[in-house]
Amino acid sequence: MLGVIAADHQNHGQAVELYDRAISLSPRFAQAFAQKARSLLALHQRSEAVSAADSAAAAAPEDGYTLNTIGVVYSRAGLHARAIPFYRQVAERAPSAAHFYNLAAALQFMGEMDEARAAYRETLKLDPSHGHAWSGLVQITRQTPEANEIDSLLGVFDPENANPDETLNIGHALAKAYEDLGRDAEAMSCLARAKAPKRASLKASTDFDNRLFDAAERTASLPGSGGLAGPSPIFIVGMPRTGTTLVDRILSSHSECASAGELTDFSMALKRRTGTKTPHVLDPETLEASATVEPAAVGQDYLESVRTSLGLTGRFIDKMPLNAFLAPNILRALPDARVICLRRHPADAVLSNYRQLFATSFGYYAYAYHLEDTARYYVRFDRMIARFRETLPADRFIEVHYEKVVDDLEGETRRLLEFCDLPFEAACLTFHQNAAPVATASAAQVRKPLYRTSLDRWRRCRPAIDPALRILIDEGCMTVEELASAD
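Worth saying up front: this structure is predicted, and the values here are computed from it rather than measured.

## Some details on the pattern of salt bridges
Item 1. If you walk through the whole model with that rule in mind, you get 32 salt bridges.
Item 2. D54 serves as the salt-bridge partner of R82, at 2.4 Å between the closest nitrogen and oxygen. With R82 in helix α6 (residues 80–93) and D54 in helix α4 (residues 46–58), this residue pair connects regions lying 28 residues apart in the sequence.
Item 3. D54 sits in the partly exposed class, given a relative accessible area of 31%.

Spelled out as structure tokens, the structure:
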């Protein structure tokens, strides 16, 4: 209980010590192992957290709280298949909206869409205003004129709700339903109403983002020697919703390459080596201090962390989009690694980020709560990548355009495989048959053959998107002539 109190006060280091004392007195104390695992995750010690969760599972717990905690730890560690049996048990033994929702989300990540829909609906039976369940259900269910959730969503959508997160989730679900029905103007209006309360609650500032971009650009001039030669992981980076998951699925369909998911391991390795005391893992202060660390040590720490917690022994893909800020440090620490940066038409990149419902606890994407802020973020991202394009080695850092992948799948796949020093395999062209889990917003899309309906979506969202387009034009990311062609 003392450990739980410490964890509730965010003192997870002390909590782990207290859980260990409890375990020393009762070596098969499943609940203590499970709570220890949760605190270890909070301390970004994923491999240790998974080990503690394994110990909790080995003790064969029967109480719903512990079963759910084990599932949550496995899910947050990216081990969704291992989480599902625990979620099933807890949903049967202690039915609740929260337990069915956890089950539904894990099933969605594993591609079990029919079962996921059923679990989402069980969630909504128990809590008809469960925002996350609504957004999950509508995300994986095509809405049609004959069968849609618009009336139900309108019944629970309330921008005056005291809970801005609930408003955000339900509003995004309603906007997606409108989009499926071709009612784009209503969708954009709905998004603006849904996002405003959340943005106001955060008192968001762009200062942190600007300082992060500035610091990242300065790392482009760091000396490129002293790294750990040999291992060559593949990093897929870029703004979210620009094709990172698509490229991950293409490459991970290769027999010599596995997807590790979206990892924070590199930023954690850099953070620990710099010793910065700031509250964020990825921040300007850590990037500034990165010049003082031994690159090979960072690379070694990263590889050990990934391989210990995920058991990966061969080549693997790390598709954390935010690793874009770390590209110079990645290639400094791991000079044989490859960094693939996804790009997309500026207006579609802005729109897709604005339309996306990011985890509300993850502040790095707070720009997406406002359309113009999203456009300004794109401008800074574009400027940073231009700097990297000038300074990073072309045989280790490339840009891949989403539109080109859609237009020429085989040609771009061959280019990607050649860049990664992998032989061509036809399985990469049938990426939608890849059975590996997908824990991103693209979980449903990448299980289908390639389609073109997401290209030039911005043209359908005028005039609502025009304030963002004006920023892109003013900053040289789009031309007036391109805008005129959409009139």
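## A short note on the environment of S485
Item 1. Examined against the element boundaries, S485 turns out to sit in helix α24 (residues 480–485).
Item 2. Once the C-alpha coordinates of S485 and R459 are considered, the two residues, 26 residues apart in sequence, prove to be 9.5 Å apart.

## A word on the nonpolar core
Item 1. In this structure, Y302, F325, M384, F388, F397 and L472 are the most contacted members of the largest nonpolar core, which totals 124 residues.
Item 2. Top contributing element to this core by residue count: helix α20 (residues 371–391), with 9 residues.
Item 3. The contact partners of L472, leaving out residues within four places of it in the chain, are P346, A347, V350, A375, Y378, V379, C477 and M478.
Item 4. With 24 residues, the next largest nonpolar core counts C257, V400, Y402 and F431 among its residues.

## Section: the pairing of strand β4 (residues 338–343)
Item 1. Burial runs high along β4: 6 of the 6 residues are buried.
Item 2. When strand β1 (residues 234–238) meets β4, the two strands line up parallel, connected through 5 bridges. Bridge pairing links G238 to L342 in β4.
Item 3. Looking at chain direction, β4 and strand β5 (residues 397–401) are connected through 5 bridges and run parallel. What sits directly across from R343, in β5, is H401.

## Some points on the packing of aromatic side chains
Item 1. Counted by the stated rule, this structure contains 15 aromatic pairs.
Item 2. Ring plane angle 45° and centroid distance 6.0 Å describe the contact between Y101 and Y120, whose orientation is recorded as tilted. Pair noted here: Y101 is in helix α7 (residues 97–109) and Y120 is in helix α8 (residues 113–126), with a separation of 19 residues, a long-range link.
Item 3. Given a relative accessible area of 2%, Y120 falls into the buried group.
Item 4. Seen in terms of ring centroids, F362 and Y365 are 5.4 Å apart; in terms of plane orientation they differ by 65°. Their pairing is edge-to-face.

## Considerations on the layout of surface pockets
Item 1. What the second largest pocket holds in volume is close to 290 Å³.
Item 2. Lining the second largest pocket are 13 residues, and of these M1, L2, G3, Y19 and A22 sit closest to its centre.
Item 3. Put simply, the parts of the chain that give the lining of the second largest pocket at least two residues each are α1 (2–8), α2 (12–25) and α3 (30–42).
Item 4. The element that contributes the greatest number of residues to the lining of the second largest pocket is α2, accounting for 4 residues.
Item 5. For the lining of the second largest pocket, the residue count by class is 9 nonpolar, 3 polar and 1 charged.

## Thoughts on unusual backbone geometry
Item 1. Cis geometry marks the peptide bond from R462 to P463; its omega dihedral reads 5°.
Item 2. Positive phi outside glycine occurs at D456, with the angle close to 55°.
Item 3. Its location among the elements puts D456 in the loop between α22 (409–419) and α23 (466–474).

## Quick notes on helix α15 (residues 265–274)
Item 1. Where burial is concerned, most of α15 is hidden: 8 out of the 10 residues are buried.
Item 2. Among the residues of α15, D265, F266, S267, M268, A269, L270, K271 and T274 are the ones counted as buried.
Item 3. The inward-facing, buried residues of α15 contact α4, α16 (284–289), α17 (295–310) and α18 (327–333).
Item 4. Downstream of α15 by one or two residues, G275 has phi in the positive range, about 70°.

## Some thoughts on the packing of α4 against helix α5 (residues 64–76)
Item 1. Direction vectors running N to C along α4 and α5 enclose 150°, while the axes themselves pass 10 Å from each other. In terms of orientation, α4 lies roughly antiparallel with respect to α5. When the axes of α4 and α5 are compared, the crossing they make is left-handed. Where α4 abuts α5, its residues A49, V50, A53, D54, A56 and A57 lie against I70, V73 and Y74.
Item 2. In the contact of α4 with α5, the residues fall into 8 nonpolar, no polar and 1 charged.

## Focus: the side chain of D180
Item 1. Inspection of the secondary structure assignment puts D180 in helix α11 (residues 164–180).
Item 2. On the basis of relative accessible area, D180 is assigned to the buried category, the value being 12%.
Item 3. Only 2.9 Å separates the side chain of D180 from the backbone nitrogen of Q143, close enough to count as a polar contact.
Item 4. If we skip the residues at most four places from it in the chain, D180 touches T141, R142 and Q143.

## Regarding the sheet that holds β1
Item 1. Strand order across the open sheet formed by 5 strands is β2-β3-β1-β4-β5, with parallel pairing between neighbours. Each having just a single partner strand, β2 (257–259) and β5 make up the two edges of the open sheet. Within the sheet, the average angular offset between the axes of one strand and its neighbour, ignoring direction, is 25°.
Item 2. With 3 bridges connecting them, β2 and strand β3 (residues 315–318) associate as parallel partners. Bridged to C257 within β3 is R315.
Item 3. Against the sheet, helix α14 (residues 244–252) contacts β1, β2, β3 and β4, and its axis sits at roughly 160° relative to β1.

Calculation rules
- Residues numbered from 1 in each chain as written.
- Predicted model: local features only at pLDDT ≥ 70, side-chain atom pairs only at ≥ 80, totals over all residues.
- Heavy atoms only, no water.
- Salt bridge = Lys/Arg side-chain N within 4 Å of Asp/Glu carboxyl O.
- Helix = DSSP H or I, 4+ residues; strand = E, 2+ residues; numbered from the N terminus.
- Buried < 20%, exposed > 50% of the residue type's maximum accessible area, 1.4 Å probe, protein only.
- Core = buried A, V, L, I, M, F, W, Y, C linked by side-chain atoms within 4.5 Å.
- Contact = heavy atoms within 4.5 Å.
- Pairing = 2+ DSSP bridges.
- Phe/Tyr/Trp six-rings, centres within 6.5 Å; stacked < 30°, edge-to-face > 60°.
- 1 Å grid on protein atoms, 1.4 Å probe; cavity = no way out; pocket = protein on both sides within 12 Å on 5 of 7 lines; lining within 4 Å.
- Points joined across faces, edges and corners; volume = space filled by probe spheres on them.
- Nonpolar A, V, L, I, M, F, W, Y, C, P; charged D, E, K, R; others polar.
- Axes fitted to C-alpha atoms, helices over the stretch in contact; angles between N-to-C directions.
- Parallel < 35°, antiparallel > 145°, perpendicular 65-115°, else oblique.
- Left-handed = near helix turned anticlockwise from the far one by under 90°.
- Polar contact = N/O pair within 3.5 Å; in protein donor to acceptor, adjacent residues only side chain to side chain.

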